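# Remarks on the overall topology
One-letter residues, chain by chain:
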Amino acid sequence: MRLALEEARRAYEIREVPIGAVVVMDGNVISRAHNLRETENDPTAHAELLAIRQASQVLKRWRLNGCILYCTIEPCAMCAGALVLSRIDTLVFGANDAKAGACGSVMNIVQHPALNHRVEVIAGILADECSALMRKFFSEMRTEGCRSG
């Protein structure tokens, strides 16, 4: 989770929403990424999706069974769907997302009984650090918005 937080800080430094993700298999880091939606002008450039794509390229397979994805904030519906479709075994995340979380908060896509794969979820790891970075980012964005208006 500390590596995911490093990625989130990288996003923060380039004024992206500070979310980081890391894919691990057998104790080895396979991929790591942070949000790049603004940088890439791509609504799908979420940290989780970028880390999943990179892991698939490294492993040369789309099925990521045997992998754990660590991310700083609870994944959204798009990312939760990607977790299921990629067959990630376990999701470990920091802070819940009460507005868009799709791994237990608003909905639970990753453990939906109608789907053919379910992801084990471990929540709340370094949650205070993860949520503090998000709060700081959005507080600064609001302050800057007031200055420019």
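Throughout what follows, the structure given in this document is the object of discussion.

Criteria and cut-off values
Residues numbered from 1 in each chain as written. Predicted model: local features only at pLDDT ≥ 70, side-chain atom pairs only at ≥ 80, totals over all residues. Heavy atoms only, no water. Core = buried A, V, L, I, M, F, W, Y, C linked by side-chain atoms within 4.5 Å. Buried < 20%, exposed > 50% of the residue type's maximum accessible area, 1.4 Å probe, protein only. Helix = DSSP H or I, 4+ residues; strand = E, 2+ residues; numbered from the N terminus. Contact = heavy atoms within 4.5 Å. Disulfide = S-S within 2.5 Å. Pairing = 2+ DSSP bridges. Axes fitted to C-alpha atoms, helices over the stretch in contact; angles between N-to-C directions.

## A word on the nonpolar core
Counting 47 residues, the largest nonpolar core has V23, L69, L83, L91 and V110 as the members making the most contacts within it. Those elements giving two or more residues to this core turn out to be α1 (2-13), β1 (20-25), β2 (28-34), α3 (47-59), β3 (67-73), α4 (77-86), β4 (90-95) and α5 (127-148). Counting residues per element, this core draws most heavily on α3, at six residues. Once residues lying within four places of it in the same chain are set aside, the contact partners of L91 are L69, C71, P75, L83, C103, V119, E120, V121 and I122.

## Details of the state of the cysteines
For the structure on display, the rule yields zero disulfides. Unpaired in this structure, C79 has its nearest cysteine sulfur neighbour in C76, at a distance of 3.8 Å. We classify C79 as buried; its relative accessible area is 0%.

## A word on the sheet that holds β1
A sheet is described by the order of its strands in space; here five strands give the open sequence β2-β1-β3-β4-β5, paired in mixed fashion. At either margin of the open sheet sits one strand with a lone partner, and together these are β2 and β5 (120-123). Going across the sheet, the axis of each strand differs from the next one's by a mean of 15 degrees, ignoring polarity. Here β4 runs beside β5; their pairing, made up of four bridges, is parallel. Within β5, the residue paired with T90 across the bridge is E120. Sitting on the sheet, α1 touches β1, β2 and β3, and the angle it makes with β2 is about 25 degrees.

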